[in-house]
Amino acid sequence: MSEGQVSSDDRRASFVGAAAYEAAGGAIIRDLFDEEGGGFFADAALLNRLVREKLAAEAATIKAEGWKWIVVEPEFNHEMTSDTRRVFAEAAPLSDTDQAKLVELEQRHNALSDEDDGLRGVCRKAASP
């Protein structure tokens with residue numbers, strides 16, 4: 001009876017959402033005994049198109065952050081990634097201003113750590129009988 005339809009608890013349906021699916025002209029088939037948010041998304045092709053469109057929009061947002069290469073797919077393809085390797089980041093040289101700020105922050109961190117170590121010793125002495 002539900003062949004060719006997508007359950008409302010399918011990850012594609014959750015990702016797109018019932019409101020967006022219905023706004024795009026999709027119908028959700030529910031019966032009297034369905035729980036809230038239950039039913040079946042009747043048009044799987046429409047749902048798949050909406051998933052791809054939403055993924056493309058998310059990719060555009062991420063690309064705007066400065067990423068050079070982005071691939072979005074609704075399903076993870078293990079074969080496609082089988083020949084990939086890890087690339088380790090290389091630290092970029094700091095400007096003089098940033099280097100001075102880093103030194104200042106390291107000094108503050110060390111001072112706070114030393115202060116905290118001193119307080120822990122006081123707390124241990126006070127707690128011992």
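Up top is the structure.
Residues numbered from 1 in each chain as written. Predicted model: local features only at pLDDT ≥ 70, side-chain atom pairs only at ≥ 80, totals over all residues. Heavy atoms only, no water.

Engineer: Help me understand the overall build of the protein in this model?
Structural biologist: Counting its secondary structure elements, the protein contains four helices and three strands. Counting from the amino terminus, helix and strand elements in the protein follow one another as β-α-α-β-β-α-α. Taking all 129 residues of the protein together, 13% fall into the buried category. Look at the contacts in the protein between residues 6 or more apart in sequence, and 49% of them connect residues 24 or more apart. Summed over all atoms, the accessible surface of the protein reaches about 11000 Å², with 55% contributed by carbon and sulfur. (Helix = DSSP H or I, 4+ residues; strand = E, 2+ residues; numbered from the N terminus. Buried < 20%, exposed > 50% of the residue type's maximum accessible area, 1.4 Å probe, protein only. Contact = heavy atoms within 4.5 Å. Areas by Shrake-Rupley, 256 points an atom, 1.4 Å probe, with all protein chains shown as cover.)

Engineer: Help me understand the sheet that holds strand 3 (residues 40-41) in this model?
Structural biologist: Sheet strands associate in pairs through backbone hydrogen bonding, adopting either a parallel or an antiparallel arrangement. Sheet architecture is open: three strands sit in the order 1-3-2, paired in antiparallel fashion. The two strands at the open ends of the sheet, each matched to only one other strand, are strand 1 (6-7) and strand 2 (28-29). In this structure, strand 1 lies alongside strand 3, joined through two bridges in antiparallel fashion. Residue pairing for strand 3: Val6 is matched across the bridge by Phe41. (Pairing = 2+ DSSP bridges.)

Engineer: Help me understand the environment of Glu22 in this model?
Structural biologist: Structurally, Glu22 can be placed in helix 2 (residues 18-23). For the pair Glu22 and Phe41, spaced 19 residues apart in sequence, the C-alpha separation works out to 9.1 Å. Apart from the residues lying within four places of it in its own chain, the contact partners of Glu22 are Ile28 and Arg30.

Engineer: Is there a simple way to explain the packing of aromatic side chains in this structure?
Structural biologist: Think of a pair of aromatic rings as described by two things: how far the centres are apart, and how the planes are tilted against each other in angle. Counted according to the given criterion, the structure contains one aromatic pair. Here the aromatic rings of Tyr21 and Phe41 are separated by 4.5 Å at their centres, their planes lie at 45°, and the arrangement is tilted. With a gap of 20 residues between them, Tyr21 in helix 2 and Phe41 in strand 3 connect regions that are remote in the sequence. Given a relative accessible area of 3%, Phe41 falls into the buried group. (Phe/Tyr/Trp six-rings, centres within 6.5 Å; stacked < 30°, edge-to-face > 60°.)

Engineer: I'm lost on the pattern of salt bridges in this one. Help?
Structural biologist: Pairing between side chains becomes possible if they bear opposite charge and their charged atoms approach one another. If you walk through the whole model with that rule in mind, you get five salt bridges. Residue Asp10 pairs with Arg12 through a salt bridge whose shortest N-O separation is 2.9 Å. Accessibility expressed as a relative area gives 22% for Asp10, which makes it partly exposed. Two residues, Glu75 and Arg11, come together in a salt bridge whose shortest N-O distance is 2.6 Å. Taken together, the residues Glu75 in the loop between helix 3 (44-63) and helix 4 (96-127) and Arg11 in helix 1 (residues 11-16) connect sequence positions 64 residues apart. According to the relative accessible area criterion, Glu75 is partly exposed, its value standing at 46%. For Arg11, a relative accessible area of 56% gives the class exposed. (Salt bridge = Lys/Arg side-chain N within 4 Å of Asp/Glu carboxyl O.)

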